[in-house]
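Chain and residue survey
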Amino acid sequence: MSRLAAAAEHFVAVYHARPPLVAEQAGWRCVIGLRTTEGHAVTVRVEDGRITAVAVEAEPADLVVTADADTLEDILRLRRSPNEPYLFGELTVQGPERDFLRLDYIATRLCPQ
Amino acid sequence: MRTSDLVATSCGTAVAAVCALGLFQIERTLGGVWSVAAVLVAGLACAALARAFGRLAAVVPSGASHLAYLARAFGRPTGIAVAAPYFLLTLTLVGAEATVVGLVVARLTPLPVPVGAFLFLVGTWSICRAGIQVGYRAQAVATWTLLLGLAALSLEAIVAAGARGELGARLVPPVPDVVAFVAGVGQALFLFMGFELVTAQAEVASPLTVRRALGVSVGILAVFYGIVSLGFSCLSGSPRADGFVPQLALAEETGGPLALVLVALLSVLASFTSFNGALLSLSRFVYALASQGALPRQLAGVDPTTLVPRPAVNALLAAAIGATALVIVGEGIAVSILAAAVSASVMYAGALLARQRRPFAESGRRVGPRLLGATLALLLAGLGAAVILDAGAARGGLVALLALAYGLAVVAAQRATRPVRPAARPFAAPASAHGD
């Protein structure tokens, strides 16, 4: 398993360990592509607010999040808020703003202040 | 997203009610074809900027736009120090915008200016806070109606001046002095300010669409402002000292009461879309900075249902009300317009220089375009200086406002880039994934 995929699995586990947070996202459906600038990819499928699949490949996605591998791993392991690299252009997003805002909300809630 | 949607968004962001005051100020200083020339020179600079911003958005397609570009090119502290005042002074401009709305409302109703301005701010805030976004199509209809309506009224004013035999005298006044003309170009930059914020849409639009929209918007804005400036030159009445709103004067003189009401409504609608857009984008900026500790962390909350950063939106309303009070009590419309023009010059110069650096500069880019970009950046910075030099009675307030904005930005830059304490260990999580 790649570092990115392992980090994604960690994120999913932490997220699902917070049922109230998962419940808040009820109705959210999205395919999220995580891409590193080094060429690695992971695709995460969200159904009704729950993450139902993590695939270690680049599949068509509604929302594509791109950053270098270290940045993405730090975010997925909750060592960094996604806001910081986003604000400074080190993480970019392609896709509907609403999906990104929801993902950002979840990551920020999980990330310790 | 289509190019036409982005063009409407770009023009709608740039054209606010306060722009008419700025344009009128340029026209009164330079007059006739000279004010048109100032607008066109500023438009040419913005056309070059449009190309540069197109490249920046293609390499870093980020909703954080300016801050992201400058931070990537020059590092985070410089990025914050240059981009934050631009956004901060946009907020000051909201004070001027709300005041103009108050003047427009006061022209048509018995409501005093401060009450109209306050109702405008609170009304827009409540809509934004509820998470209601104006659709692209609705915004486009409002923008095009306003632009076409004002351009038509201006043409009518020009024709009327021709019929009175005044066209030559109105359009060809004496040649202005060089400093006044350069300052006029600097002020004209303010009229285009915000056109490039459409780069934030690079997350939902292709780089080509964004680049096209930037160029087309600059062309439309230059033509629009040129025509309206000539319309202002041909107004037969002289402006009243207090509460003069040039777009209403133009409508009243050429179109009568019906045109007056229509332009007033469209003007308020344009202000609403501008302030609503500013609240949405600035609140996310404030939220992101607060979550980094650059601003108080209490501002970093997000409503889970609407995803609106409500504490930041509330803080922005408070700041906008404060800015409006300062503009009304301190008669600071001119100061806020000039400060915005200076911050735009600095921001745009920074963007052009960022274009010359990694990761934005192509490897092997020819010396000619690089020199041109650097020269234009220098000229833009010079325009900012000319605006300060030519500010006359407003210079003291202008310098104070700029010192405040850039001082706050430097503090924020220091706070955002200080060493971060190690994050606490996240709570224990189960080893398996997918939550099944």
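You'll find the structure just up there.
Report follows, based on the coordinates. Just so it is clear, the model here is predicted, and its values are computed rather than measured.

What follows is about the overall build of chain B. Regarding its fold elements, chain B presents 15 helices and zero strands. For 436 residues, the compact-globule estimate of 2.2 N^0.38 gives 22 Å, and the C-alpha radius of gyration of chain B, at 22 Å, lies within 12% of that figure. Seen through its C-alpha atoms, chain B measures out along the principal axes to roughly 85 × 55 × 45 Å. Across the 436 residues of chain B, 57% fall into the buried class.

What follows covers the overall build of chain A. Secondary structure summary: chain A contains five helices and five strands in total. Secondary structure elements in chain A, listed N-terminal to C-terminal, are α-α-β-β-β-β-α-α-β-α. Rg of the C-alpha trace for chain A: 13 Å, near the compact-globule value of 13 Å for 113 residues, within the 12% margin. Projected onto its principal axes, the C-alpha positions of chain A cover 35 × 30 × 25 Å. Across the 113 residues of chain A, 46% fall into the buried class. For chain A, long-range pairs separated by at least 24 residues make up 66% of all intrachain contacts whose partners lie at least 6 apart in sequence.

Here we take up the environment of S274 of chain B. Residue and element names in this part refer to chain B. Structurally, the position occupied by S274 is in helix α11 (residues 246–291). Between the C-alpha atoms of S274 and G194, which are 80 residues apart in sequence, the distance is 9.6 Å. Apart from the residues within four sequence positions on either side, S274 is in contact with T13, A16 and E97.

Moving on: the nonpolar core. Residues and elements named next belong to chain B. Counting residues in each nonpolar core, the largest one holds 207 residues, and the members touching the most others are A42, V286 and L338. Looking at this core element by element, the count peaks at 22 residues for α11. If near-sequence neighbours (up to four positions away) are discounted, A42 is found in contact with V185, A188, L189, L191 and F192.

Looking now at the interface of chain B and chain A. With 30 residues of chain B in contact, the opposing surface of chain A contributes 33 residues. Secondary-structure elements contributing two or more residues to the side of chain B that touches chain A are α4 (65–74), α5 (76–108) and α11 of chain B. Tallied by class, the residues present in the side of chain B that touches chain A amount to 19 nonpolar, seven polar and four charged.

So, on to the sheet that holds strand β1 (residues 30–36) of chain A. Residues and elements named next belong to chain A. Judged by pairing direction, the sheet is mixed, and its five strands sit side by side in the order β3-β2-β1-β4-β5 without closing on themselves. Every other strand in the sheet has two partners, leaving β3 (50–55) and β5 (91–94) as the edge strands with one partner each. Taken over all neighbouring pairs, the strand axes of this sheet differ in orientation by 20° on average, direction set aside. Packed on one face of the sheet, helix α3 (residues 69–76) meets β1, β4 (63–67) and β5 and runs near 135° to β1.

Below, the discussion takes up the packing of helix α9 (residues 178–192) of chain B against helix α14 (residues 367–389) of chain B. All names here are of chain B. Relative orientation of the contacting elements α9 and α14 amounts to 110°, with a least axis distance of 8 Å. Comparing the axis directions of α9 and α14 gives the class roughly perpendicular. α9 and α14 meet at a crossing whose hand is left-handed. Of α14, the residues touching α9 (which contributes V179, V182, A183, V185, G186, Q187 and L189) are L383, G384, A386, V387 and L389. Each residue belonging to the contact of α9 with α14 can be placed in one class, and the counts come to nine nonpolar, three polar and no charged.

Conventions we followed
Residues numbered from 1 in each chain as written. Chains lettered and ligands numbered in written order. Predicted model: local features only at pLDDT ≥ 70, side-chain atom pairs only at ≥ 80, totals over all residues. Helix = DSSP H or I, 4+ residues; strand = E, 2+ residues; numbered from the N terminus. Rg over C-alpha atoms; globule rule 2.2 N^0.38 Å. Buried ≥ 20, exposed ≤ 12 C-beta atoms within 10 Å, placed from the backbone. Contact = placed C-beta atoms within 7 Å. Core = buried A, V, L, I, M, F, W, Y, C linked by C-beta atoms within 7 Å. Nonpolar A, V, L, I, M, F, W, Y, C, P; charged D, E, K, R; others polar. Pairing = 2+ DSSP bridges. Axes fitted to C-alpha atoms, helices over the stretch in contact; angles between N-to-C directions. Parallel < 35°, antiparallel > 145°, perpendicular 65-115°, else oblique. Left-handed = near helix turned anticlockwise from the far one by under 90°.

On their own, these measurements won't tell you what the molecule is for.
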